[in-house]
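Breakdown of the fold
Residue-level listing of the chains:
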Amino acid sequence: MKQFILSLVLSGLVGIGRVAAAPPRDMMMPPMQFDLYNIKTPQLIGIIVGCCVFAITIAVVIYLLIASGTLQRALTELANDGLSTSAGAANSGNKKNGGFLSPYDEQPELYDHLLTARTQLPQILDIDTPLKGEKVILRSYRAEKDAKMLFEASNGSAQYHESAYDPGRVWGWCNLELLQPVPVADPLQQLLALGYEDVHPWESQTTFQLYFDTIKKQRQCSLFTIVDQEFAGKAIGMVVLSRNEPANLSVNIENVWITPAFHGSKKAHEAVLLLLSHLFERGYRRVTAMMDERYVSARKFFMRCGFLYEATLRKHQILRQRNCNTALYSLVNSDWVDGEGKLQRLCCTFN
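Note that the coordinates shown come from a computational prediction; the quantities given were computed from them, not determined experimentally.

Digging into the pattern of salt bridges
The final tally for this structure, using the stated rule, is 9 salt bridges. A salt bridge links Arg219 to Glu254; its shortest N-O distance comes to 2.8 Å. Note that Arg219 is positioned in the loop between helix H8 (205–218) and strand S5 (222–228) and Glu254 in strand S7 (residues 250–258), a separation of 35 residues in sequence. Residue Glu310 is joined to Arg286 by a salt bridge in which the shortest nitrogen-to-oxygen separation is 2.9 Å. Taken together, the residues Glu310 in strand S9 (residues 308–319) and Arg286 in strand S8 (residues 286–292) connect sequence positions 24 residues apart. With relative accessibility at 38%, the residue Glu310 sits in the partly exposed group. Exposure remark for Arg286: the relative accessible area of 26% places this residue in the partly exposed category. Because the salt bridges share partners, they merge into one network encompassing Asp228, Glu230 and Lys267.

Next comes the structure, spelled out in structure tokens:
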């Protein structure tokens, strides 16, 4: 054995491409013999079982890849990479000809219906046909039809099976500051001077209507009424949309409220379900929800609706002369594929 190792070392040093001395024959391993026809029964059973286990494992892995959507996403990414490569090759000629090639040009363009939607969506959204669910109907707010019922549902008076309550349960976390003219001596300056002033929608139907008419104009808000189907079409709450950006296919849910008599009934969840389905069908890609970081019940509500926490915006707003840190949640159209089914099941659990 020592002679064999020494011969290998000498061959490497001298550069000779052959072994100087071979090991003794008695140290060489005998050739392996494999006779398929003379395998013993236990060994044959083990080989067959191993092959079956291997085949089942491969089949299960393939099924899981297909069922979870991983395979489809991988194929989509490969297709997008191909589109990006072809787009880059197509634009390389422009670069050679003196044109500017942006890094955004390397990404595939959005679908045609999304590009069309960003040019056609209005700044203030409206629902032409009421959206009907199992327990509620969601329709556009009409002051002459809904203001009286909504005021009564939010002013703290006893409604339905609920006794009188503090209006702060509805309005406590709402932004009630509106731009109002500041009284000054000069009439010309009075037209230009503006200041923030709190409006109390629960005090009278007039102030209620004034508040929502003003935020619709000042903040470009879209207002929707939640109607209960079990109580003869009574208006029981509202959903307010703001920060509508059709160019980016993004919109924000500013506020969702429902009269305390129906808290815990999942009717507010169903209203959000109807609205989200409507928004994504119209082409929106992103819906956000922002609230004071201390507003725990609202944060839990939107998480149950499928929204994901993104960030806390520190010193984001000044409300009622005080600092407000804003918690930001979002839901995008690609998450809505699974989120819609989960929210539907959540709404059905109360039935």
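What follows picks up the thread again.
Some words on helix H9 (residues 267–281)
Compared with an ideal rise of 1.5 Å per residue, which puts 15 residues at 21 Å, H9 spans 21 Å between its outermost C-alpha atoms and is within 8% of the ideal. Of all 15 residues making up H9, 14 are buried, and the element is well covered by its neighbours.

Describing a nonpolar patch on the surface
Taken together, Phe54, Ile58, Val61, Ile62, Leu65, Ile66, Leu71, Leu75 and Leu78 make up a surface patch of nonpolar side chains, about 830 Å² in accessible area. Of all elements in the fold, only helix H2 (41–67) and helix H3 (70–96) reach the threshold of two or more residues within the nonpolar patch. Looking at which element gives the most residues to the nonpolar patch, the answer is H2, with 6 residues. As for its position among the elements, Val61 is in helix H2.

Observations concerning the pairing of S5
Extensive coverage of S5 is indicated by the burial of 7 of its 7 residues. Side-chain alternation along S5 places Ser222, Phe224, Ile226 and Asp228 on one buried face and Leu223, Thr225 and Val227 on a second face that is also buried. In this sheet, S5 lies alongside strand S2 (residues 136–140) in antiparallel orientation, the contact comprising 5 bridges. Considered in S5, the bridge of Ile137 is made with Val227. Across 7 bridges, the pairing between S5 and strand S6 (residues 234–245) is antiparallel. Within the sheet, the bridge partner assigned to Asp228 lies in S6 and is Lys234. Where S5 hands over to S6, the hairpin turn is made up of 5 residues, of which Ala232 adopts a positive phi near 55°.

Digging into the packing of H9 against helix H11 (residues 333–348)
The N-to-C vectors of H9 and H11 enclose an angle of 155°; their axes lie 10 Å apart at closest approach. With respect to their mutual orientation, H9 and H11 come out roughly antiparallel. Crossing of H9 against H11: the hand is left-handed. Every residue of H11 that contacts H9 at His269, Glu270, Leu273, Leu276, Ser277 and Phe280 is listed here: Asn333, Trp336, Glu340, Leu343, Gln344, Leu346 and Cys347. Considering only residue class, the contact of H9 with H11 consists of 7 nonpolar, 4 polar and 2 charged.

A look at the state of the cysteines
The final tally for this structure, using the stated rule, is 0 disulfides. Looking at Cys52, it has no disulfide partner, and the nearest cysteine sulfur is the one in Cys51, 6.9 Å off. Owing to a relative accessible area of 42%, Cys52 belongs among the partly exposed residues under this scheme. Counting only cysteine sulfurs, Cys348 is the nearest neighbor of Cys347, a cysteine outside any disulfide, at a range of 6.8 Å.

A closer look at the pairing of S7
Most of S7 sits inside the fold, with 8 of its 9 residues counted as buried. As paired elements, S6 and S7 share 7 bridges and run antiparallel to each other. Bridge pairing in S7 places Glu245 opposite Ser250. Remark: 4 residues form the turn of the hairpin made by S6 and S7, two consecutive strands paired antiparallel; Leu249 in that turn has positive phi of roughly 55°. The pairing of S7 with S8 spans 4 bridges and is parallel. The residue bridging Ile253 from the neighbouring strand is Ala289, located in S8. With H9 bridging S7 and its parallel neighbour S8, the resulting β-α-β unit is right-handed.

Quick notes on the nonpolar core
Of all hydrophobic cores here, the largest spans 44 residues; its most connected members are Leu138, Ile253, Leu276 and Phe307. Sort the elements by how many residues they give to this core and H9 lands first, with 9 residues. Discounting chain neighbours no more than four positions away, the residues touching Leu138 are Ile127, Pro130, Leu131, Phe224, Thr225, Ile226, Val239, Ala271, Leu274 and Leu275.

As for the sheet that holds strand S10 (residues 322–332)
Reading across from one edge, S1-S2-S5-S6-S7-S8-S10-S9 is the order of the 8 strands in this open sheet, with mixed pairing throughout. Among the strands making up the open sheet, the edge pair consists of strand S1 (131–132) and S9. Sheet contacts for helix H5 (residues 143–154): S2, S5, S6 and S7; angle to S6, the most-contacted strand, approximately 105°. Contacts from H9 reach S1, S2, S5, S6, S7, S8 and S10 within the one sheet, and its direction differs from that of S2 by about 50°.

Cut-offs used in this document
Residues numbered from 1 in each chain as written. Predicted model: local features only at pLDDT ≥ 70, side-chain atom pairs only at ≥ 80, totals over all residues. Heavy atoms only, no water. Salt bridge = Lys/Arg side-chain N within 4 Å of Asp/Glu carboxyl O. Helix = DSSP H or I, 4+ residues; strand = E, 2+ residues; numbered from the N terminus. Buried < 20%, exposed > 50% of the residue type's maximum accessible area, 1.4 Å probe, protein only. Expected span 1.5 Å × (residues − 1). Patch = residues over 30% accessible without salt bridge, like charges linked within 9 Å, V, L, I, M, F, W, Y side chains within 5 Å. Areas by Shrake-Rupley, 256 points an atom, 1.4 Å probe, with all protein chains shown as cover. Pairing = 2+ DSSP bridges. Axes fitted to C-alpha atoms, helices over the stretch in contact; angles between N-to-C directions. Parallel < 35°, antiparallel > 145°, perpendicular 65-115°, else oblique. Left-handed = near helix turned anticlockwise from the far one by under 90°. Contact = heavy atoms within 4.5 Å. Nonpolar A, V, L, I, M, F, W, Y, C, P; charged D, E, K, R; others polar. Disulfide = S-S within 2.5 Å. Right-handed = clockwise from strand over helix to strand, strands pointing away. Core = buried A, V, L, I, M, F, W, Y, C linked by side-chain atoms within 4.5 Å.

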